[in-house]
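Chain by chain, the residues run as shown.
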Amino acid sequence: MNEITPNTHGLFDAPVRTSEREIITLTQADIERQLDAGAFLMSREEAVAAGFLNPLEEPDAVLVDIAREEA
């Protein structure tokens, strides 16, 4: 039987998030392609000030490993 963790926050349930972070590997070319496609970088403080992040909540995230490309 699958073990399901119930969400016990009451009427207005908050999503149950795992504390584990997925690890992804990107190369410099991957990052440059994403920036060319419209991605942007900002600090956490800038994102909170712009309203993209709630300062009281930990957003979903991944750990990024930057791979060095061999020439």
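A short tour of the structure in this document, coming up. Predicted model, so just to flag it, every value in this text is computed and none were measured.

1. Considerations on the overall build of the protein
Phase 1: Along the protein, the regular secondary structure elements total 2 helices and 2 strands.
Phase 2: Going residue by residue from the N terminus, the α and β elements of the protein occur as β-α-α-β.
Phase 3: A buried classification covers 4% of the 71 residues belonging to the protein.
Phase 4: Residue pairs at least 24 apart in sequence account for 63% of intrachain contacts in the protein once pairs closer than 6 positions are excluded.

2. Structural notes on a nonpolar patch on the surface
Phase 1: Residues F40, M42 and F52 make up a contiguous nonpolar surface patch of about 340 Å² in total accessible area.
Phase 2: Inspection of the secondary structure assignment puts F52 in the loop between α2 (44–50) and β2 (62–67).
Phase 3: Given a relative accessible area of 56%, F52 falls into the exposed group.

3. Comments concerning the pattern of salt bridges
Phase 1: In the structure shown here, the tally under the stated rule is 1 salt bridge.
Phase 2: With a closest N to O distance of 2.4 Å, R33 and D30 form a salt bridge. One end of the pair is R33 and the other is D30, both in helix α1 (residues 28–36) and 3 residues apart, which spans about a single turn.
Phase 3: According to the relative accessible area criterion, D30 is partly exposed, its value standing at 21%.

4. Here we look at the packing of aromatic side chains
Phase 1: Under the counting rule described, the total for this entry stands at 1 aromatic pair.
Phase 2: For the pair F40 and F52, a centre-to-centre distance of 6.1 Å together with 45° between the ring planes defines the contact as tilted. With F40 in the loop between α1 and α2 and F52 in the loop between α2 and β2, this residue pair connects regions lying 12 residues apart in the sequence. In this structure, F40 and F52 share a single accessibility class: exposed.

Calculation rules
- Residues numbered from 1 in each chain as written.
- Predicted model: local features only at pLDDT ≥ 70, side-chain atom pairs only at ≥ 80, totals over all residues.
- Heavy atoms only, no water.
- Helix = DSSP H or I, 4+ residues; strand = E, 2+ residues; numbered from the N terminus.
- Buried < 20%, exposed > 50% of the residue type's maximum accessible area, 1.4 Å probe, protein only.
- Contact = heavy atoms within 4.5 Å.
- Patch = residues over 30% accessible without salt bridge, like charges linked within 9 Å, V, L, I, M, F, W, Y side chains within 5 Å.
- Areas by Shrake-Rupley, 256 points an atom, 1.4 Å probe, with all protein chains shown as cover.
- Salt bridge = Lys/Arg side-chain N within 4 Å of Asp/Glu carboxyl O.
- Phe/Tyr/Trp six-rings, centres within 6.5 Å; stacked < 30°, edge-to-face > 60°.

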